[in-house]
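Residue strings, one per chain:
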Amino acid sequence: MSKIRLFILAGLSVLVTLLVVYLVYGYNRYPNMPFKCTTFTVYDLSSDRQTLILRLSQDLRLQDRDSGYFLVKGTTLSQGTTSVVNRMLNLKEGEQVDSDTYRYRISDVTKSPNDTLSDALFEQWLSEITTRPGVFQIDVVKGPANSWLIGSPVSFLFTCRSY
């Protein structure tokens, strides 16, 4: 066998080895679908003019890389008035942006009959976790012991354990 063929064979072997290592490492970083993750978070969006505190149970469920939903339940305090929030953001047309970022279109928001939060206050909270109307983009970063850090383009939102 000539030196050129040996060199090409060695180069291809190295490339195949690197590809296998990358795929194994990369596969372990991605969440298994369906991905289910729940947590409790307190958002304080108060300003000098307005008090807005949301105590929310959040349940993120990505059915696959194309669809999912985000359940938001809890209570809010605004200007001394307590309200109930119970809504579901339905996610469609998902795409994987990079190794740990997913972007979905919010197809609609389902409001439960017991939800008493005004749409304006809900939209205020939603604008804090999204950068564009109708778009839900999240980072799903694997942590230790099956924990995940969930973030948006503007900040990290919560940590959770998948179930």
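Since the structure is predicted, the reported quantities are computational estimates derived from the model, not experimental observations.

## Overview of the sheet that holds strand β4 (residues 81-98)
A barrel is described by the order of its strands in space; here 8 strands give the closed sequence β1-β2-β3-β4-β5-β6-β7-β8, paired in antiparallel fashion. Pairwise comparison of adjacent strand axes, ignoring direction, gives a mean angle of 30° for this sheet. One ladder, built from 5 bridges, connects strand β7 (residues 147-151) with strand β8 (residues 156-162); its direction is antiparallel. Across the sheet, residue I150 finds its bridge partner in β8, namely F158.

## Some thoughts on the confidence of the model for the chain
Here the chain shows a mean pLDDT of 86. Residues at 70 or above account for 85%. Taken element by element, the predicted model of the chain shows its lowest mean pLDDT in helix α1 (residues 3-29) (60) and its highest in strand β3 (residues 68-78) (96). Low confidence marks residues 23-29, where pLDDT is under 50. Its contacts with residues over four positions away, or in another chain, come to 6 contacts.

## Comments concerning the pattern of salt bridges
Here the structure, examined in full by the defined rule, presents 6 salt bridges. Note that D59 and R61 form a salt bridge whose closest N and O atoms lie 2.8 Å from each other. With relative accessibility at 10%, the residue D59 sits in the buried group. Among the salt bridges present, the one from R105 reaches E93, with a minimum N-O distance of 3.2 Å. Residue R105 is located in strand β5 (residues 101-111), and its partner E93 is located in strand β4; the two are separated by 12 residues in the primary sequence.

About the thresholds
- Residues numbered from 1 in each chain as written.
- Predicted model: local features only at pLDDT ≥ 70, side-chain atom pairs only at ≥ 80, totals over all residues.
- Heavy atoms only, no water.
- Pairing = 2+ DSSP bridges.
- Helix = DSSP H or I, 4+ residues; strand = E, 2+ residues; numbered from the N terminus.
- Axes fitted to C-alpha atoms, helices over the stretch in contact; angles between N-to-C directions.
- pLDDT = per-residue confidence, 0-100.
- Contact = heavy atoms within 4.5 Å.
- Salt bridge = Lys/Arg side-chain N within 4 Å of Asp/Glu carboxyl O.
- Buried < 20%, exposed > 50% of the residue type's maximum accessible area, 1.4 Å probe, protein only.

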